[in-house]
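Structural characterization, general
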Amino acid sequence: MEIIDAVILGVVQGLTEFLPVSSSGHLELGKAILGNQAVPEESLLFTVVLHFATALSTIVVFRKDIFEILKGILKFEWNDDLKFLSKIALSMTPAVIIGLLFEKQLEQLFGNNILLVGYMLIVTAILLLLADKAKNTSKEVSFSNAFIIGISQAIAILPGISRSGATISTSVLLGNDKTKAARFSFLMVVPLIFGKIVKDIFSGDLSYNGTTFIPLCLGFAAAFVSGLFACTWMIRLVKQSKLSYFALYCTIVGIIAVIYALFN
C-alpha cells in the first residue's frame, strides 16, 4: 500500500466514523461511479488498525467520563456509573443480534445498491433535521431509551444510514439532552468496535504477508487525529443545533444517487 493511500483512508475513516454522512453509503457510491477497482479493498489488518484508531480517539475525547465510570464500577454497587454501563450494554444488543443472525443477508445489500443508498441518505437527512429542531433538555438516557437507540444503531447497518446521525437523532427525539445524546452515541460504539476487532483477529483471516509497517502507522495516526477532530466537532455541532448542514449535504448526495440509479 502506498503511504498517501494509507493516510487518505485513515482520514476518511476518522471523519466518517463520527460525522453523520454514512461512510458505508459513500463507499458504495464511490464503487458505482468510479468502478469497483477504483476503490481498493484494503487488507483486513489495515481495516482493524483503522477501527482501533477511531475507538482510541473516542476513549481520549471521553477519557474523564470513562475514568469516572470505571471508578464507579469498582465500588461494586448499583450506582449511576454501573447503570450507564448497563445502558451501553443494552444498546448493543440489537446490533449484535442482527449482525450475527443476518450477516449474509446484510452483505447482499452492499453491492452497488445505489438506489437504496440514495433513499437512506435522504432518511438520514430527515433525522438530522428533526434532531436539529428538537428542544434541548437536561434529561438523561433511560434504559428504554438505550434499547430504542440500539435499534436505530442496528438499522444504521444499512448503507446510507449514518450510525452517529441515527443514534444521536433518535436520542434527541426521545427528549434527551443533546450533549448527553452525543456522549452516549459515541461511547456505545466503542465496545462494538473492539468486539469486531476481536472477532476479526480470531477469525483467522488476518494476513501479515506483504504488510509494511510505515503505511500501517501513518494510517493509524491519520485515523486517530481526524477522529479526535471529528468527535469533538460533532459534539459541538449537536449542542449548537447545526446538524442541518449535514442534512443538506445528505439530501443533495441522496437525490443525485437516486437519479443516477434510476436513469443510468
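Heads up: these notes are all about the structure in this document. (Residues numbered from 1 in each chain as written. Predicted model: local features only at pLDDT ≥ 70, side-chain atom pairs only at ≥ 80, totals over all residues. Heavy atoms only, no water.)

1. A closer look at helix H10 (residues 178-202)
Between its first and last C-alpha, H10 extends 37 Å over 25 residues, near the 36 Å set by a 1.5 Å rise per residue. Capping of H10 at its N-terminal end is provided by aspartate 177; its side-chain oxygen lies 3.1 Å from the backbone amide nitrogen of threonine 179. (Helix = DSSP H or I, 4+ residues; strand = E, 2+ residues; numbered from the N terminus. Expected span 1.5 Å × (residues − 1). Polar contact = N/O pair within 3.5 Å; in protein donor to acceptor, adjacent residues only side chain to side chain.)

2. Digging into unusual backbone geometry
Its identity is not glycine, yet phenylalanine 76 carries a phi of approximately 55 degrees, on the positive side. Relative to the helices and strands, phenylalanine 76 is located in the loop between helix H4 (63-73) and helix H5 (80-101). Given the relative accessible area of 71%, phenylalanine 76 is considered exposed. With a phi angle near 55 degrees, serine 241 is a residue other than glycine that sits in the positive phi range. The exposure class assigned to serine 241 is partly exposed, which follows from its relative accessible area of 27%. (Buried < 20%, exposed > 50% of the residue type's maximum accessible area, 1.4 Å probe, protein only.)

3. Some points on the nonpolar core
Residues Leu29, Ile88, Ile168, Phe184, Phe186, Met234 and Leu243 are the most contacted members of the largest nonpolar core, which totals 39 residues. Once residues lying within four places of it in the same chain are set aside, the contact partners of isoleucine 168 are Ala181, Ala182, Ser185, Phe186, Met234 and Val238. Listed in part, the 8 residues of the second largest apolar core include Ala6, Leu45, Ala53 and Ala223. (Core = buried A, V, L, I, M, F, W, Y, C linked by side-chain atoms within 4.5 Å. Contact = heavy atoms within 4.5 Å.)

4. Concerning a nonpolar patch on the surface
Together, Val96, Ile97, Leu100, Leu101 and Phe102 line one region of the surface with nonpolar side chains, adding up to about 470 Å² of accessible area. By the secondary structure assignment, isoleucine 97 is in helix H5. (Patch = residues over 30% accessible without salt bridge, like charges linked within 9 Å, V, L, I, M, F, W, Y side chains within 5 Å. Areas by Shrake-Rupley, 256 points an atom, 1.4 Å probe, with all protein chains shown as cover. Salt bridge = Lys/Arg side-chain N within 4 Å of Asp/Glu carboxyl O.)

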